[in-house]
Amino acid sequence: MASVASKNMWLRRQQCPCGDWKCYVTYEGDAEETSIVSQIVKTESLQSQDMVAPYVGMVFKTDDDAFEYYGNFARKNGFSIRKERSRLSPQLGIYKRDFVCYRSGFAPARKKLSGEHHRDRKSVRCGCDAKMYLSKEVIDGVSQWFVVQFSNVHNHELLEDDQVRLLPAYRKINEADQERILLLSKAGFPIHRIVKVLELEKGIQGGQLPFLERDVRNFVQNRKKVVQENDALLNEKRENDTMELLEACKATKEADQDFVYDFTVDQNDKVENIAWSYGVAVNSYALFGDVVYFDTTYRSITYDMLLGAWFGIDNNGQPILFGCVLLQDETLRSFAWAIQTLIRFMKGRCPQTILSDLDPRLRDAITSELPSTKHVTSIWNILPKVSSWFSLQLGSQYADFKSEFDALYRLESTEDFELRWNQMVSIFGLGSDKHITLLYSLRTSWVLSYVRVHFLARMATTAYSKSVDAFLKGIFGAQSCLRGFFEQVGIAANLQNERHQEMQCQYMHMKTCLPIEEHSRQILTPFAFNALQQELIVSMQYAASEMANGSYLVRHFRKIDGESLVIWIPEDEQIHCSCKEFESSGILCRHALRVFIDKNYFQLPEKYFLSRWRRESSLMFFDDHSVHDKDDEWFQEFQSLTETLFAESSITKERSDYIRRELTKELTRLLNEEIDNGM
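Bear in mind the structure is a predicted one, so any value in this text is a computation, not a measurement.

A. Region of interest: the sheet that holds strand 11 (residues 291–300). Across the sheet, seven strands lie side by side as 9-10-13-12-11-14-15; this open sheet has mixed pairing. In this open sheet, the two strands that pair with only one neighbour each are strand 9 (260–265) and strand 15 (374–377). Averaged over all pairs of adjacent strands, the angle between strand axes in this sheet comes to 20 degrees, irrespective of strand direction. With eight bridges connecting them, strand 12 (residues 305–313) and strand 13 (residues 319–327) associate as antiparallel partners. Bridge pairing in strand 13 links Phe 311 to Leu 321. The strands that helix 7 (residues 279–288) touches are strand 10 (271–277), strand 11, strand 12 and strand 13; relative to strand 13, the one it contacts most, it runs at about 120 degrees.

As structure tokens, this is what we get:
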């Protein structure tokens, strides 16, 4: 048994039923991967034993099998072969094949034009008559190839093993070597250095590679030519598809005046960057644009363009697509234009908080364009990098490191973080690691104890990141062009809006029977209410101890977490908790709720029901052409009616179903009357 240096896989040789140990290589997984993958590999049996020479009447399944067999025979005997003639019939297709020695026939005389000088090259062809001719026959519906002529008589010297390998037919550069050659070539290595590197890596003497230096040179030159041709075709396709995308934007704008888009061109007047947003997204931003996530995880392989997607979170906890941008590069200039364009689309409103990944150019663009906005690096963009940065370096210690890293991220105290971070760096010997230095320098933008003082609207959660990922995967189908992608984004955005309306009608069950819970159910959306309800349930497991200054120490009865300090200011009905949950999510924490319950509150103060989590936030429609002032009598009456409607429909499921059914009928009737009256 032989093992390989692989973390999750090991290799063992297994005897084939035929008795040959060379036939099978079996890859078998560890405890987590129990599947066995078997792969038949070609052996060197043709070289390790005498081959049977082809003979008249020998049968092959295909002409390719025959050519391979004859080729192996030729190599073992000091020559190579080539395909000569073939004959075709309407009934059988190709029915005759001629394979000959590489020195068969004579080179045709080259015609020289006057004034031209050609290098005279001596031809290797010398009229050798060694050959193998095949004929196809169909027997019982099965095609077979028979050897009808064979000659192994040569009129030239046959080569030894160390010479025959240098014949053009056998000088093949395998795929692994091709990739290595291209990599070294891109790094600037000259051809002779590339050959030397390959020899050193394979541990062989000079000149022992299965190909020559000129083969490497020809391969590199041909590949460059192919790349240049492909790049030209790709540039043409990108230009055509980009123009089609712009036409789609123009057509959408004509159909929907609220749709917005913009683009830039380069010095050659070619479209460079494109951004767009929908009218419903602009209206949603007015309600839920306090926190924005800029996702840049996808890049088009076909077009070599970066997709930036702007997301928010609605009062049902669902992602909202605010807009998309396609960028030709990832420079500070491009990111700055993307940010400027979004703010322009959203009528100059800047978010309180913006989340993004670790890209330094993006960070600089945010700092420059949104100086008053808090920049937070989303933890789900950091964790994959942590794995790639440290798993190989730490080896068996990585699991312990990852556990400590996760614990550090969740610490509530910045002082505790600073202390334990230094301990972790020392324990795992990472003091000089550049990635550790980077993470520590950016700690105020990703560590929970630092970022919880900023409003995140429950977006820095695993559930939200999964929702965003699901949305993006939904639009990254097998799109054949940019226009198809644009249309798919529009479809997904519409489905998103429909899902938002469906979630508004969820029935909310009471679980604690506390007056606070009943009151909150009438005000909050199902998503926000469920979050508050869960905190209420857990608050029953906490005890609040009043201190001399009127503050409270709140702790779990089993002391499963640390104490939280709750400051209560009765004059203004203000409450502040050291966990900063309300500052971060807009939902009161279990510690603050424990104090409110002890204070015999039946209703929470209005200030602790943020407008973005209220039910009526879903009904407000912002439009510059028809915005009603909140002091307007009609608007106040309308808002009061809608609040009453939701409150009454939430008492029982039966009542909710009845109101929904009757309301739908009434709305249909009213709309039909408007149409009939020409309103």
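B. Geometry of unusual backbone geometry. One non-glycine residue, Arg 458, lies in the positive phi region at around 60 degrees. Structurally, the position occupied by Arg 458 is in the loop between helix 15 (448–451) and helix 16 (462–475). The backbone of Glu 573 shows a phi angle near 50 degrees, a positive value even though the residue is not glycine. Locating Glu 573 in the fold gives a position in the loop between strand 18 (564–569) and strand 19 (574–577). The exposure class of Glu 573 is partly exposed, given its relative accessible area of 32%.

C. Expanded view of the nonpolar core. One finds Trp 276, Phe 390, Phe 401, Trp 421, Trp 446 and Leu 588 to be the most contacted residues of the largest nonpolar core, which totals 99 residues. The greatest single-element share of this core, amounting to seven residues, is contributed by helix 10 (residues 379–394). For this core, the two domains that each supply at least three residues are domain 2 (171–255) and domain 3 (515–617). With sequence-adjacent residues up to four places away left out, Leu 588 is seen in contact with Leu 532, Glu 535, Ile 575, Phe 582, Leu 593, Phe 596, Leu 604 and Tyr 608. In this structure, Val 282, Leu 306, Leu 342 and Ile 343 belong to the second largest nonpolar core, which totals 27 residues.

D. Broad picture of the pairing of strand 18. Of the two faces of strand 18, only the one carrying Ser 564, Val 566 and Trp 568 is buried; Leu 565, Ile 567 and Ile 569 on the other face are not. Judged from the three bridges that link them, strand 17 (residues 552–556) and strand 18 form a sheet pairing that is antiparallel. Bridge pairing in strand 18 places Leu 553 opposite Leu 565. When strand 18 meets strand 19, the two strands line up antiparallel, connected through four bridges. When the sheet's bridge partners are listed, Ile 567 is paired in strand 19 with His 576. Joining the antiparallel neighbours strand 18 and strand 19 is a turn of four residues, in which Glu 573 adopts a positive phi near 50 degrees.

E. Quick peek at the layout of surface pockets. Looking at the second largest pocket, its volume works out to about 520 Å³. What lines the second largest pocket is a set of 21 residues, among which Tyr 409, Leu 448, Ala 460, Thr 461 and Thr 462 lie closest to the centre. Mapped by element, the contributors of at least two residues to the lining of the second largest pocket are helix 10, helix 11 (398–410), helix 16 and helix 20 (581–585). Broken down by element, the lining of the second largest pocket gets its largest block of residues, five residues, from helix 11. Here the lining of the second largest pocket is built from residues that sort into nine nonpolar, five polar and seven charged.

F. Structural view of the confidence of the model for the protein chain. With 80% of its residues at a pLDDT of 70 or more, the protein chain has an overall mean of 81. Note on residues 1–49: pLDDT under 50 across the span, and 62 contacts to partners over four residues away in sequence or across chains. Counting interchain partners and residues more than four positions distant, the pLDDT-below-50 stretch residues 619–631 has 15 contacts.

G. Here's a closer look at the packing of helix 4 (residues 175–186) against helix 5 (residues 191–202). Two elements in contact, helix 4 and helix 5, have axes whose closest approach is 10 Å; the angle formed by their N-to-C orientations is 130 degrees. As far as their axial angle goes, helix 5 and helix 4 are oblique. When you trace helix 4 past helix 5, the crossing you get is right-handed. Residues Asp 177, Arg 180, Ile 181, Leu 184 and Ser 185 of helix 4 form the contact with helix 5, whose participating residues are Ile 194, Val 197, Leu 198, Glu 201 and Lys 202. When its residues are assigned to classes, the contact of helix 4 with helix 5 shows five nonpolar, one polar and four charged.

About the criteria used
- Residue numbers run consecutively from 1 along every chain, following the written order of its sequence.
- The model is predicted, so local features are restricted to residues of pLDDT at least 70 and side-chain atom pairs to those at 80 or more, both for listing and for counting; the totals for chains, interfaces and linings are taken over all residues.
- Heavy atoms throughout the structure, all of them, feed into the side-chain values; hydrogens and water do not.
- When DSSP finds at least two bridges between two strands, those strands are taken to pair.
- Counting from the N terminus, the helices are the DSSP runs of H or I reaching at least four residues and the strands are the DSSP runs of E reaching at least two.
- As a rule, the C-alpha atoms of each element are fitted with a line to give its axis, helices using only the stretch in contact, and angles between N-to-C directions run from 0 to 180 degrees.
- Residue contacts are defined here by distance: any two heavy atoms, one from each residue, within 4.5 Å place the two residues in contact.
- Accessibility here uses a 1.4 Å probe with only protein chains present; expressed as a share of the type maximum, an area under 20% marks a residue as buried, one over 50% as exposed, and anything in between as partly exposed.
- Nine residue types can take part in a nonpolar core, namely buried Ala, Val, Leu, Ile, Met, Phe, Trp, Tyr and Cys, and a core is a set of them joined through side-chain atoms within 4.5 Å.
- An automatic or database domain assignment supplies the residue ranges for each domain.
- Buriedness for pockets is judged along seven lines, at least five of which must meet protein on both sides within 12 Å for an open set on the 1 Å grid over protein atoms alone, while cavities are sets there where a 1.4 Å probe fits but cannot get out, and lining residues have an atom within 4 Å of a point.
- Grid points are joined across faces, edges and corners, and a volume is the space filled by probe spheres set on the points.
- Classes in brief: Ala, Val, Leu, Ile, Met, Phe, Trp, Tyr, Cys and Pro nonpolar; Asp, Glu, Lys and Arg charged; the others, Gly included, polar.
- How sure the predictor is of each residue is captured by pLDDT, a score from 0 to 100.
- An angle below 35 degrees is read as roughly parallel, one above 145 as roughly antiparallel, one from 65 to 115 as roughly perpendicular, and any other as oblique.
- Throughout, a crossing is termed right-handed when the near helix is turned clockwise from the far one, and left-handed when it is turned anticlockwise from it by less than a right angle.

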